[in-house]
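# Structural features, examined
So you can see what is in the structure, the chains are spelled out below.
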Amino acid sequence: MKKKSIQITDVTLRDGMHAVKHQFSVDDVREIASKLDQLGVSHIEVTHGDGLGGSTIQYGFSKEKEEDLLKAARESIRRAKLTALLLPGIGTVEDMVRAKEIGVETIRIATHCTEADISEQHMKEAKRLGLEAVGFLMMSHMVSANVLVEEAKKMESYGADVVYIVDSAGAMLPEEAGEKVSALRQALSDEVEVGFHAHHNLGLSIANSFAAIDAGASRIDCSLAGLGAGAGNTPLEVFAAAAEKHGIDTGVDIYGAMDAAEDVVKPKMIRPVQIDRVSLTMGYAGVYSSFLLHAFRAAEQFGVDARDILVELGKRKVVGGQEDMIVDVALEIKKKKHTLSTTK
Ligand SMILES: CC[C@H](O)CC(=O)C(=O)O
Ligand SMILES: [Mn+2]
């Protein structure tokens, strides 16, 4: 039987930024980007974890200037497409123009899963600039397949070449991933590819990515050693090995990916990227993976359990951009605890 071919976008140097508090240096970018290029991934995404323009007090400052990180990546990549993420409202059209001038070839425009309309200006401008344009529907576990279809069709009408289902909270099960990808695949024209971005909070990133491919996804996001927000993303080395057994051609050098994960990326982690009680709670409660380190900080500052903060955030359906709510919720939990202990 003919093998199914897919393209991998590596997010070690973008989603992985969340896991290292956006502190990768220009030298780290050079080392990791050139390794990834040799490994055979088709796209390498490089930016602050929250995309172009993300280096702010709200999201955390990057170690180095965005421009320098992108230039270092550009100089290190020969084969793969240099990719940048942009969240309208954080990144601007001007940021995208500058990124294009540095040599970015693919732009991924991310919106909350019900807000595709805010990608219109950026998407149209991306196409005008000659960029490959990818729509990225974040927190896709929060709405039905029908809603995702409506939103994906908007992105298609703005010129998207690819639309992604993004499981930002790592909250999906394989059936759901398959159902949502299949709905998009059926609704979009054949010229538009469907992609899937997983987080490993429930331990399902590989299974969900396989379900997505079986349902018609041809773009999958991975990162070395799973470096990424929450319990991390789909680990490239694991995915490449398992995909070969599943009859999927990823074009990735499997031994090389194993070596790069262990020898290059794991030593750079500031804490292990893993399923622990807090990252697991994110998948369970359906909370944005990039809230992990913010929740740890607030839990420590206010002496409360990070899981209580996350469960409350999940109940309130807090989405990306509402990072300030993490502190508010932690403070409320602390006050409630204090009131309970003084009225006993
Ligand atoms: C804050 C942007 C976010 O990290 C994008 C992403 O990778 C996701 O939603 O999973
Ligand atoms: Mn992510």
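Residues numbered from 1 in each chain as written. Chains lettered and ligands numbered in written order. Predicted model: local features only at pLDDT ≥ 70, side-chain atom pairs only at ≥ 80, totals over all residues. Heavy atoms only, no water.

As recorded by an unreviewed UniProt entry, the chain carries the name 4-hydroxy-2-oxovalerate aldolase and is attributed to Geobacillus proteiniphilus.

### A few points about the layout of surface pockets
Reported here for the largest pocket is a volume of approximately 230 Å³. Lining the largest pocket are 20 residues, and of these H18, K21, H22, L293 and H294 sit closest to its centre. Listed by contribution, the elements that provide at least two residues to the lining of the largest pocket are α1 (15-19) and α12 (292-302). Here the element with the most residues in the lining of the largest pocket is α12; it accounts for four residues. When the residues that make up the lining of the largest pocket are grouped by side-chain class, the tally is nine nonpolar, eight polar and three charged. Counting contributing residues per domain, the lining of the largest pocket is built from domain 1 (4-268) and domain 2 (277-343), each supplying no fewer than three. (1 Å grid on protein atoms, 1.4 Å probe; cavity = no way out; pocket = protein on both sides within 12 Å on 5 of 7 lines; lining within 4 Å. Points joined across faces, edges and corners; volume = space filled by probe spheres on them. Helix = DSSP H or I, 4+ residues; strand = E, 2+ residues; numbered from the N terminus. Nonpolar A, V, L, I, M, F, W, Y, C, P; charged D, E, K, R; others polar. Domains from an automatic or database assignment.)

### Topic: the coordination of the manganese ion (ligand 2)
Within the first shell, the manganese ion (ligand 2) binds the protein through D15 (OD), H197 (NE2) and H199 (NE2), at distances of 2.0 to 2.2 Å. Each donor residue of the manganese ion (ligand 2) belongs to the same chain, and together they define the spacing D-x181-H-x1-H. Of this pair, D15 sits in helix α1 while H197 is found in strand β8 (residues 193-197), placing the two residues 182 residues apart along the sequence. Here H197 falls in the buried class, since its relative accessible area comes to 2%. (Donors = N, O, S within 2.8 Å, 3.2 Å for Na, K, Ca; no water. Buried < 20%, exposed > 50% of the residue type's maximum accessible area, 1.4 Å probe, protein only.)

### Some thoughts on the packing of helix α2 (residues 26-39) against helix α10 (residues 254-265)
Running from amino to carboxyl end, α2 crosses α10 at an angle of 170 degrees, the nearest separation of the two axes being 10 Å. Classified by the angle between their axes, α2 and α10 sit roughly antiparallel to one another. Contacts from E31, I32, K35 and L39 in α2 reach G256, A257, A260, V264 and V265 in α10. Split by residue class, the contact of α2 with α10 holds six nonpolar, one polar and two charged. (Axes fitted to C-alpha atoms, helices over the stretch in contact; angles between N-to-C directions. Parallel < 35°, antiparallel > 145°, perpendicular 65-115°, else oblique. Contact = heavy atoms within 4.5 Å.)

### Focus on the pattern of salt bridges
Here the structure, examined in full by the defined rule, presents 21 salt bridges. For E312, the salt bridge is made with R316, and the minimal N-O distance between the two is 2.8 Å. Accessibility expressed as a relative area gives 22% for E312, which makes it partly exposed. Assessed through its relative accessible area of 33%, R316 is described here as partly exposed. Ionic contacts of the salt-bridge type, sharing partners, join the residues R14, D15, E45, R108 and D221 into one network. (Salt bridge = Lys/Arg side-chain N within 4 Å of Asp/Glu carboxyl O.)

### Structural notes on the UniProt feature "site: Transition state stabilizer" (unreviewed entry) in the chain
Under the UniProt annotation, "site: Transition state stabilizer" (unreviewed entry) lies at R14. Structurally, the position occupied by R14 is in the loop between β2 (7-10) and α1. Residues within four places of R14 in sequence aside, it is in contact with E45, V46, T47, H48, G49, L85, R108, F136 and H197. (UniProt positions renumbered as here; feature names shortened; annotations may be inferred.)

### Quick word on unusual backbone geometry
Of note in the backbone geometry, A225 takes a positive phi value of approximately 55 degrees without being a glycine. Residue classification places A225 among the buried residues on the basis of a relative accessible area of 10%. The phi angle at K317 is positive, at roughly 55 degrees, despite the residue not being glycine. For K317, the position within the fold is in the loop between α13 (306-315) and α14 (324-343).

### Points about the packing of aromatic side chains
In the structure shown here, the tally under the stated rule is three aromatic pairs. Arranged with centres 5.5 Å apart and planes meeting at 45 degrees, the rings of F136 and Y164 form a pair that is tilted. Placement of the pair is F136 in strand β6 (residues 132-138) and Y164 in strand β7 (residues 162-166), with a sequence separation of 28 residues. Taking the relative accessible area as the measure of exposure, F136 reaches 2% and is therefore buried. For Y164, a relative accessible area of 1% corresponds to the buried category. Judged by centre distance (5.7 Å) and plane angle (45 degrees), the rings of F210 and F239 are tilted. Separated by 29 residues along the polypeptide, F210 in helix α8 (residues 205-214) and F239 in helix α9 (residues 236-245) bring together distant segments of the chain. The class for F210 is buried, based on a relative accessible area of 14%. According to the relative accessible area criterion, F239 is buried, its value standing at 0%. Geometry around Y164 places R108 over its ring, the cationic atom sitting 4.9 Å from the centre. (Phe/Tyr/Trp six-rings, centres within 6.5 Å; stacked < 30°, edge-to-face > 60°. Lys NZ or Arg CZ within 6 Å of the ring centre and 35° of its normal.)

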